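# Per-entry structural report
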Amino acid sequence: MYSPDDSREFWEGTRAALDEIPMDPELSPAPELSGREFDTYNVTLTSFGRIKLRGWYSVPKDNPRGKCSAILAVPGYSGSKQIPTHIVLQGYAVLTLFPRSQGESKAEWQIESGTYLTYHITDRDRYFYRGAYMDCVRGIDFLASRPEVDPDRIGMWSRSQGGGLTLATSSLDGRIKAGVAEEPFLCNYPLAIEVKTNPYVELGEYLNQHPDQKEIALETLAYFDPLNLVEMINRPMLVNIGMKDDVCPYHTIVPVFERIVSHKALMIYPDLGHSSCADFNNHAKNWLDLYL
């Protein structure tokens, strides 16, 4: 049965299991992804369950401060993501990391059936996001290990699924000194199971097909819901919501934001759907500059 104490023990054990696995980073130049002001490298890491991950590591060529601030960036639910060069060009080292079975990491391992949201949904030990959350922690491991990165200036900024991963990773890893969760997905599952748009609709459809599993599925999801994790965040967090966003609706995000006890800010855009926002990008960059 889920309880906050049991959740804490579960995640402490999961982190300890990850720590037992060597990261074994492999880097190779990726000139096709580099620019005049930064170099990019293909990266392979070994993560939880010894599953390998792929990503891109972009580093400014000129760093007058000696050591860079760094950002972990991860994709939305589709698994695709471009290198956020606008962050690299502002002087940040950026690891664009693909969690297991997503994007570039599909070449290493893929779920054999179902969807990410429903993969082993009745088993917290095998649920997809147990590994995916640890993949993000492994990304922080990598950034903290880099000689050109200041380990006291590591942040995370991503959108949609990436926003939910930002909230979860910031809850589970105190090395993140500032976070930006843009239109976060993976939030407030007791309400999200009623959302009729993709991808949340996958949960509702699964529970309709397996009504006998609803109780255990919701119990599993409770361990992964930022609603139950974000009170552990102790660093500045910036969140935004689009009031016309029917993918990650307002009512799934606000209760999560309200439980963050650290310094925080919420930006609400009345006419924004589920899309990026130039105004918010500017605020997010200022937020990271201020706290990193």
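Residues numbered from 1 in each chain as written. Predicted model: local features only at pLDDT ≥ 70, side-chain atom pairs only at ≥ 80, totals over all residues. Heavy atoms only, no water.

## Regarding the overall build of the chain
In terms of regular secondary structure, the chain is built from nine helices and nine strands. In terms of C-alpha radius of gyration, the chain reaches 18 Å, essentially the compact-globule figure of 19 Å for 292 residues. Its C-alpha atoms give the chain principal-axis dimensions of about 60 × 45 × 35 Å. Burial status across the chain gives 57% buried among its 292 residues. Considering only contacts within the chain whose residues lie at least 6 apart along the sequence, 69% involve residues at least 24 apart. When the accessible surface of the chain is split by element, carbon and sulfur atoms take 48% of a total near 12200 Å². Looking at the chain, you have 28 positive and 39 negative side-chain charges, and the mean spots of the two groups are 4 Å apart. (Helix = DSSP H or I, 4+ residues; strand = E, 2+ residues; numbered from the N terminus. Rg over C-alpha atoms; globule rule 2.2 N^0.38 Å. Buried < 20%, exposed > 50% of the residue type's maximum accessible area, 1.4 Å probe, protein only. Contact = heavy atoms within 4.5 Å. Areas by Shrake-Rupley, 256 points an atom, 1.4 Å probe, with all protein chains shown as cover. Lys, Arg positive; Asp, Glu negative; His and termini not counted. Charge placed at Lys NZ, Arg CZ, Asp CG, Glu CD.)

## A look at unusual backbone geometry
Cis geometry marks the peptide bond from Asn 198 to Pro 199; its omega dihedral reads 0°. In this fold, Pro 199 is placed in the loop between α5 (189-192) and α6 (201-209). Positive phi outside glycine occurs at Glu 183, with the angle close to 45°. Despite not being glycine, Leu 186 shows a phi value in the positive range, around 65°. Locating Leu 186 in the fold gives a position in the loop between β7 (176-182) and α5.

## Focus: the sheet that holds β7
For sheets, the rule is that strands pair by backbone hydrogen bonds, running either parallel or antiparallel. What the nine strands build is an open sheet, ordered β1-β2-β3-β5-β4-β6-β7-β8-β9; its pairing is mixed. A strand with exactly one partner marks an edge of an open sheet, and here the two such strands are β1 (26-29) and β9 (264-269). Across the sheet, the axes of successive neighbouring strands diverge by a mean angle of 20°, strand direction being ignored. Two elements, strand β3 (residues 52-60) and strand β5 (residues 93-98), share five bridges in a ladder whose sense is antiparallel. Across the sheet, the residue bridging to Ser 58 is Val 94, located in β5. Together, β4 (68-73), β6 (149-159), β7, β8 (237-242) and β9 form the strand contacts of helix α9 (residues 278-291), whose direction differs from that of β7 by roughly 170°. (Pairing = 2+ DSSP bridges. Axes fitted to C-alpha atoms, helices over the stretch in contact; angles between N-to-C directions.)

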